[in-house]
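Residues per chain, in single letters:
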Amino acid sequence: MTHPTTPAAGTTHGKRTATKKPWYGTVPGLKIFVTPVATSPVLTGEEDAAGSAAAVSDAPVSSRRPVDVPPFERPGSVLRASSGAAARGWYAPRLAGAPSTTRQAEILNTGIIGAPTGIDGVVNGTDTLSSTMISHDAPTAYNATPRKLTSPNVLIIGTVGSGKSSFTKTVMVMRPLLLKNHRAVVFDKKDEGGEGEYAGVTRRMGTEPLRFDPDGSGTRFNLMDPLIARGTGLQGQMLLINAVARIARGDTPATEWEEKATRYALQLLFEKFQDTRRAATTTDLMPFLGLVPVDQGLSGEASERFHQAGLSIRFGLQNLLETYAGVFDGETSQQVDLSHKLTTFDISQLPDSGPAIPTVMAIGNMWLMGRLREERGFVTNVIYEEGWHMIGGPSAQLVKSNQKLSRSLGISNVFVMHKGTDIPPDSPGYTVVQEAQTVYAFRQDRPEDARWAQETFNFAPDTAATLMGLNPGHCVFKYGSNPETHIRHIRSDWEVEVTNTDSAMAAGNATT
Ligand SMILES: Nc1ncnc2c1ncn2[C@@H]1O[C@H](COP(=O)(O)OP(=O)(O)O)[C@@H](O)[C@H]1O
Ligand SMILES: [Mg+2]
C-alpha cells in the first residue's frame, strides 16, 4: 500500500534540516515569537512508502500518520501562545462573532440582497424578500441579446379581486406605452357602470374605446376581413372560420366533410371578390356554403353529403349573424385601426356566455396579424381580459398556429384569467399556457388551483400555500426558468385612481 507523499516543509530528501534559533530566542519577552518546533519525530513519505501498513499501525502514536504535515513547519502567521496575554483578552476578536459560519452566512445574504431582475423593461413592483425593484417586460426580455425568454407571451392568473386588472392596466398597458414603439390592444371584458373597465385608461390616453353592442349601434368586425387573409393566408382564414363555426355550434368541431365544403366555398368567394372594390363579408360567403364541386366525380350520395356538410356550417354561422347582426354582419368598422397607442375593444356589453365574446377575440386576433404586417417595428401588447375565452376553447388553436407569426410581428399576448384548471390539459390552449414564459400568479382560492399553478410553472412546492394567502396586489412572478419571486405591485396615486375597479362605488360614496 502506498500513500500519497507530501514532503514536509523543511525536509530535504527525508532528512531534517536543523532549524537555527533566531537571535531573539533567548530574550525575555521576545522569545514568545519564536516559532515552536515540533517535538515528535516525523516520518517522510519515502520512509512511509518503504514501511508496510502493519508497521505504520504499530508505530508510536506521534508518528502514526506520516503523511500529515506538521502545522508548525508550514509558513504562516506566527502563533501567539502567551497564556497571560490570552487571559487579558489580547487575542480575543474585537467584534462579537456571528452565530454561523461565513459560508452559511453568504448563502443567507444572496437571498436577502440579490435583486431578482435587472433594470430593463417596466417597473412591476418590489420583491417582498429583498425589497429591491422588480423590472420586467416580456417583449423587452424576448428582444434582448442574448434572448432572456423564448416566448413573449404572458399569463396572469388570480381569483376575482386579487389585483390582476390593476396590475395589467399599469404594467401591461400604461407603463409600456411610455417605451419607444410600444402599443397596446385590449379586449376589455368587465362591465363597470355601463362600459368596460379600461374606458378611463383609454380616455386618458386620448382616444375612445371601440364599443361592441349586440343592438348593432357599435363597432363591427368582419369575419372575412381582407386583412385576415392578407396576414395569414387562405389557411388562416380557414382556421378562423372553423374556429368561429365551432364556437357558434356549441363547441362542435367541423368534420372532414365540413372542412372541405368550407374550403370550397371560400375558394369560390375569393374568386368572385378578386377584383371587386368592396370587401367580402360573412353574408357573401353564405350562398357558397352548400355548393358541390361538379368536376370531382362525386357520386350522388357523396354530393348530397358534401352539400349537407356545407349547409351545416352555413346554418351555424347564420345563427351567429342573426343573433349578433350588428357585431359581425358587414364590413369591419372604419374606426377599427391601430392609429393610437392604445386600442380598446370594449366587449363588456356582449353577453357573458354564448359565442359573441370568443368570436370577437378570435376575429380581433386574426385581424391584428394582418394589420401588423403593414406596419412593422412595433411591439404590441395584446391583452385578453377573461383570457380563457381565447385559450380555453376553440380559438386556442388560432393562437397556437400563429405563435411564430405573432412573435415575428412583435405581438406579446397577455392572457388574464381566474385559474388554469379551466383549460383542458390536452387542449391547444394548454400548450399556449405552458409556452408563456412570464407568469404572474395572484391569489388562488382553491387548493387545486394553487396546486395547478405550482405544478404547471414549476414553482417551489410551498409556493402553492403562498398563493392561497396573497393579499390584493401581491403575486408570485416567474420568468424563464428563473426561480419565482414574490412581488408587491406598487401604483402611483394617479394609477390607483385609474385602476381601482371599485371607483364607481367610491364615486357613489363621495356624492352621497
Ligand atoms: N397593488 C395594489 N395594492 C393595493 N390594493 C390593490 C392593488 N391592486 C388592486 N388592489 C385592490 O384590489 C381591488 C381589485 O383589483 P382588480 O385589479 O380589479 O382585481 P381583479 O382584476 O383580480 O378582479 C382594487 O379595486 C383595489 O382596491
Ligand atoms: Mg379584473
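Residues numbered from 1 in each chain as written. Chains lettered and ligands numbered in written order. Predicted model: local features only at pLDDT ≥ 70, side-chain atom pairs only at ≥ 80, totals over all residues. Heavy atoms only, no water.

Per an unreviewed UniProt entry, the chain carries the name ATP/GTP-binding protein and comes from Cryobacterium cryoconiti.

A word on the sheet that holds strand 9 (residues 210–211). Strand order in the open sheet made by the eleven strands is 4-3-15-14-13-5-12-11-6-10-9, with mixed pairing throughout. On the outer flanks of this sheet lie strand 4 (133–135) and strand 9, each paired with one strand and no other. Here four bridges tie strand 14 (residues 474–479) to strand 15 (residues 485–489), and the two strands are oriented antiparallel to one another. Each residue of the ladder has a partner; that of Val476, found in strand 15, is His486. (Pairing = 2+ DSSP bridges. Helix = DSSP H or I, 4+ residues; strand = E, 2+ residues; numbered from the N terminus.)

Right, let's talk about the environment of Met205 for a bit. By the element assignment, Met205 lies in the loop between helix 7 (199–204) and strand 9. Under the relative-accessibility criterion, Met205 is labelled partly exposed at 29%. Residues Met205 and Thr343, 138 residues apart in the sequence, show an inter-C-alpha distance of 9.6 Å. Setting aside anything within four residues of it in sequence, one finds Met205 in contact with Met174, Leu177 and Leu342. (Buried < 20%, exposed > 50% of the residue type's maximum accessible area, 1.4 Å probe, protein only. Contact = heavy atoms within 4.5 Å.)

Looking now at the pattern of salt bridges. Side chains that carry opposite charge are capable of pairing whenever their charged atoms lie near each other. For the coordinates displayed, the defined rule picks out 20 salt bridges. Between Asp120 and Lys148 there is a salt bridge, and its shortest N-O distance comes to 3.8 Å. Of this pair, Asp120 sits in the loop between helix 4 (102–113) and strand 3 (123–127) while Lys148 sits in the loop between helix 5 (138–143) and strand 5 (154–157); the two residues are 28 residues apart in sequence, bridging distant segments of the chain. For Lys148, a relative accessible area of 44% gives the class partly exposed. Between Arg203 and Glu195 there is a salt bridge; the shortest N-O distance is 3.0 Å. On the accessibility criterion, Arg203 (36% relative accessible area) is partly exposed. One network of salt bridges, in which partners are shared, links Arg183, Arg230, Asp337, Arg371, Glu374 and Glu375. (Salt bridge = Lys/Arg side-chain N within 4 Å of Asp/Glu carboxyl O.)

If you look at the biggest cluster of nonpolar residues, it comprises 78 residues, and the most contacted ones within it are Leu155, Leu240, Leu285, Leu317, Phe345, Val360 and Ile391. Per-element tally for this core: the top contributor is helix 13 (residues 356–373), with eleven residues. Of the domains in this structure, domain 2 (123–220 + 335–511) and domain 3 (222–331) are the two that each give at least three residues to this core. Those residues in contact with Val360 that sit more than four places away from it in its chain are Phe187, Phe212, Phe221, Val327, Phe328, Ile347 and Leu350. (Core = buried A, V, L, I, M, F, W, Y, C linked by side-chain atoms within 4.5 Å. Domains from an automatic or database assignment.)

On to helix 8 (residues 226–248). With 23 residues, helix 8 should cover 33 Å at 1.5 Å per step; its first-to-last C-alpha distance of 21 Å lies more than 12% under that length. Largest kink in helix 8: about 120°, centred on Thr232. Looking one or two residues beyond helix 8, the residue adopting positive phi is Gly250, at roughly 65°. (Expected span 1.5 Å × (residues − 1). Bend = angle between axes of the 7 residues up to and from the residue.)

In this section: the side chain of Asp346. Position of Asp346 among the secondary structure elements: in strand 10 (residues 342–346). A polar atom in the side chain of Asp346 sits 3.0 Å from the backbone nitrogen of Gly196. Excluding residues that lie within four positions of it along the chain, Asp346 makes contacts with Asp188, Glu195, Gly196, Pro209, Leu210, Arg211 and Phe212. (Polar contact = N/O pair within 3.5 Å; in protein donor to acceptor, adjacent residues only side chain to side chain.)

When you tally the buried positions in strand 12 (residues 411–417), you get seven out of seven residues, the bulk of the element. Residue alternation in strand 12 divides its side chains into two sets, Ile411, Asn413, Phe415 and Met417 and Ser412, Val414 and Val416, and both sets are buried. In this sheet, strand 12 lies alongside strand 11 (residues 379–384) in parallel orientation, the contact comprising five bridges. Each residue of the ladder has a partner; that of Thr380, found in strand 12, is Ile411.

Moving on: the packing of helix 9 (residues 256–273) against helix 11 (residues 300–323). Contact geometry of helix 9 with helix 11 gives a least axis separation of 8 Å together with a crossing angle of 80°. When the axis of helix 9 is compared with that of helix 11, the two are roughly perpendicular. Of the residues in helix 11, those touching helix 9 at Trp257, Glu258, Lys260, Ala261, Thr262 and Tyr264 are Ala302, Arg305, Phe306, Ala309, Gly310, Ser312 and Ile313. Here the contact of helix 9 with helix 11 is composed, by residue class, of seven nonpolar, three polar and three charged. (Axes fitted to C-alpha atoms, helices over the stretch in contact; angles between N-to-C directions. Parallel < 35°, antiparallel > 145°, perpendicular 65-115°, else oblique. Nonpolar A, V, L, I, M, F, W, Y, C, P; charged D, E, K, R; others polar.)

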